[in-house]
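If you want the building blocks of each chain, they are given just below.
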Amino acid sequence: MNTFGTRLKFTSFGESHGRAIGCVIDGMPAGLEFDEDFLQSELDKRRGGSRFTTPRKESDKAEVLSGVFEGYTTGHPIAIMVYNENTHVKDYNNLKDLFRPAHADFTYFYKYGLRDYRGGGRSSARESVARVAAGAICAMLLKEFGISVQSGVFGIGGVVSNLEEEQWDFEFAEKSEIFCLDPSLENEFKNEILNARNSKDSVGAAVFTKASGMLVGLGEVLYDKLDSKLAHALMGINGVKAVEIGEGINASKLRGSKNNDILRNIKFLTNHSGGILGGISNGENLILKTYFKPTPSIFLKQESMDKFGNNLEFQLKGRHDPCIGIRGSVVANAMVRLVLADCLLLNASANLKNLKKAYGLE
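What this report covers is the structure whose coordinates are included nearby. Worth saying up front: this structure is predicted, and the values here are computed from it rather than measured.

## Notes on the sheet that holds strand S11 (residues 205–212)
Then, number 1: With antiparallel pairing, the five strands of this open sheet are ordered in space as S10-S9-S11-S17-S12. Where the open sheet ends on each side, the last strands, each with one partner, are strand S10 (159–160) and strand S12 (240–245).
Then, number 2: By the bridge criterion, two bridges tie strand S9 (residues 148–156) to S10 in an arrangement that is antiparallel. Each bridged residue has a counterpart across the sheet, and for glycine 155 the counterpart in S10 is valine 160.
Then, number 3: Packed on one face of the sheet, helix H8 (residues 324–347) meets S9, S11 and strand S17 (286–292) and runs near 150° to S9.

## Let's talk about the sheet that holds strand S7 (residues 78–83)
Then, number 1: Taken in spatial order, the five strands of this open sheet run S1-S2-S3-S7-S4, and their pairing is antiparallel. Each of the sheet's edge strands pairs with one partner strand only, and the pair in question is strand S1 (3–4) and strand S4 (62–66).
Then, number 2: In this sheet, S7 lies alongside S4 in antiparallel orientation, the contact comprising four bridges. Looking at the pairing, valine 64 lines up with isoleucine 80 of S7.
Then, number 3: Running over the sheet, helix H3 (residues 128–143) touches strand S2 (9–14), strand S3 (20–26) and S7 and is turned about 35° from S3.

## Some details on the side chain of arginine 131
Then, number 1: For arginine 131, the position within the fold is in helix H3.
Then, number 2: Here arginine 131 falls in the buried class, since its relative accessible area comes to 12%.
Then, number 3: Separated by 3.1 Å, the side chain of arginine 131 and the backbone oxygen of glycine 236 make a polar contact.
Then, number 4: With residues up to four places along the chain from it excluded, the contact list for arginine 131 reads Phe10, Ala233, Gly236, Ile237, Val331, Ala334, Met335 and Leu338.

## Notes on the nonpolar core
Then, number 1: Ile25, Leu286 and Leu340 are the most contacted members of the largest nonpolar core, which totals 72 residues.
Then, number 2: Those residues within four positions of leucine 340 in sequence are excluded, and the remaining contacts are Leu142, Ile147, Val149, Ala211, Met214, Leu218, Leu226 and Leu286.
Then, number 3: Formed by eight residues, the second largest nonpolar core is a distinct cluster that contains Phe154, Phe170, Ala173 and Ile287.

## Quick word on the pattern of salt bridges
Then, number 1: If you walk through the whole model with that rule in mind, you get 16 salt bridges.
Then, number 2: Glutamate 42 is the partner of lysine 45 in a salt bridge, and the nearest nitrogen-oxygen pair spans 2.9 Å. Taken together, the residues lysine 45 and glutamate 42, both in helix H1 (residues 36–46) and three residues apart, mark about one turn of the helix.
Then, number 3: For glutamate 42, a relative accessible area of 4% puts it in the buried group.
Then, number 4: Overlapping salt bridges bring together Glu42, Lys45, Glu174 and Arg337 as one network.

## Let's talk about a negative patch on the surface
Then, number 1: A surface patch of negative charge is lined by Glu33, Asp35, Glu36, Asp37 and Glu144.
Then, number 2: Residue position: aspartate 37 is located in helix H1.

## Structural notes on the packing of helix H6 (residues 226–235) against H8
Then, number 1: Following both chains from N to C, one finds H6 and H8 inclined at 145°, their axes separated by 9 Å at the closest point. Considering only the axes of H6 and H8, their crossing is right-handed. The residues of H8 that touch H6, namely those facing Leu226, Lys229, Leu230, Ala233 and Leu234, are Ala332, Met335, Val336, Val339, Leu340, Asp342 and Cys343.
Then, number 2: Tallied by class, residues from the contact of H6 with H8 come to ten nonpolar, no polar and two charged.

Parameters and conventions
- Counting of residues starts from 1 at the beginning of each chain's written sequence and follows it residue by residue.
- Per-residue local features of the predicted model are confined to residues with pLDDT of at least 70, and side-chain atom pairs are confined, for both listing and counting, to 80 or more; whole-chain, interface and lining totals are unaffected and use all residues.
- Only hydrogens and water are set aside when side-chain values are computed; all heavy atoms of the structure are taken into account.
- Two strands qualify as a pair provided that DSSP identifies no fewer than 2 bridges between them.
- Under the DSSP-based scheme used, a helix requires at least four consecutive residues in state H or I and a strand at least two consecutive residues in state E, with every element numbered from the N terminus.
- Contact definition: two residues touch when any of their heavy atoms are within 4.5 Å.
- Throughout, an axis means a line fitted to C-alpha atoms (over the contacting stretch in the case of helices), and angles, computed between N-to-C directions, take values from 0 to 180 degrees.
- Each residue gets one of three labels from its accessible area relative to the maximum for its type: buried under 20%, exposed over 50%, partly exposed in between, using a 1.4 Å probe on protein chains only.
- Any pair of N or O atoms that falls within 3.5 Å is considered a polar contact. Within protein, one atom must be able to donate a hydrogen and the other to accept it, and sequence-neighbouring residues count only if both atoms are side-chain atoms.
- Put simply, a nonpolar core is a bunch of buried Ala, Val, Leu, Ile, Met, Phe, Trp, Tyr and Cys residues held in one set by side-chain atoms that sit within 4.5 Å of each other.
- The term salt bridge refers to a side-chain nitrogen of Lys or Arg lying within 4 Å of a carboxyl oxygen of Asp or Glu.
- Patch definition: residues with relative accessible area over 30% and no salt bridge; like charges joined within 9 Å; nonpolar side chains (Val, Leu, Ile, Met, Phe, Trp, Tyr) joined within 5 Å.
- Accessible surface area values rest on a Shrake-Rupley calculation with a 1.4 Å probe, where residue burial reflects the displayed protein chains alone.
- Positive charge is attributed to Lys and Arg, negative charge to Asp and Glu, and no charge count is given to His or to the chain ends.
- Charged groups are reduced to one reference atom each: NZ for lysine, CZ for arginine, CG for aspartic acid, CD for glutamic acid.
- Handedness of a crossing follows from how the near helix is turned relative to the far one, being left-handed for an anticlockwise turn of less than a right angle and right-handed for a clockwise one.
- Residue polarity is assigned by list, with Asp, Glu, Lys and Arg as charged and Ala, Val, Leu, Ile, Met, Phe, Trp, Tyr, Cys and Pro as nonpolar; anything else, Gly included, falls into the polar class.

Structure, rendered in structure tokens:
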């Protein structure tokens, strides 16, 4: 589906080499101060054009079409358009009938009976520009409640930071070309990416996301737990193959006495749970790790098959990220913001007291 969210709905549209990418955000409350400069700065983070990302250069200038008047949200759908300006359709002519390894080409073709071969069409990570735009608007709402979301890269390929999570430096990551959380490893991370690129190959990455200033009570029980909504959102990003919350897979190696977060004087002494208990936020920092596979678009000669069943060899052309996890960290940040904003709105009517307060009756 192309729509995400329950109370706050986000719908994206457009293809990699179509005229534009865009989104509609429905359910944002009226009266929120709209910071267009912040919106653009978030889109700028996701842009390519460096040695460590795709050479495809787009201005990614956001055009707000509706839902904002005189600097404030109106409570009506917010529509945003970002035009594609630098498409090289000819780079994909030789892929018209070919299934690229580890891409969505094969599954899209057999599901829909056709596919847009121009850069992957709808399955392209170019679509993530819409998610980042929506996430930026959600950040404006979260800011009103003191909630902030930060992301950065803590691993590239086989090089992974061994610092404790609280030692990772988000201020440094904000200025880093590759959003590196460990200053001592930035050059090593960069070398891993450049070595992969120079070898006509690609490399994976690990991303850490933290939400601070969390409120207690976000998330719905059973089938819409906060952790399941976050996993759903993050696994929906192109190239993501695993998500961990709190201790993640390490929790399976611990005993309960080590994994339990002790509560004392209305404060948790540890945060093995990653800020979520019973699918509901407990007020501690939200802790997430997202793992991206190597970019499937590589420039080595590969074997594959075409839609007619013929086996063949091919060599890819075009402009591709040697490590999708770099810009993926910006997208992960946006998706967490979307989930938290949706949960924030849902929680406003979770009990009678909250509902009466909304109408000035409490």
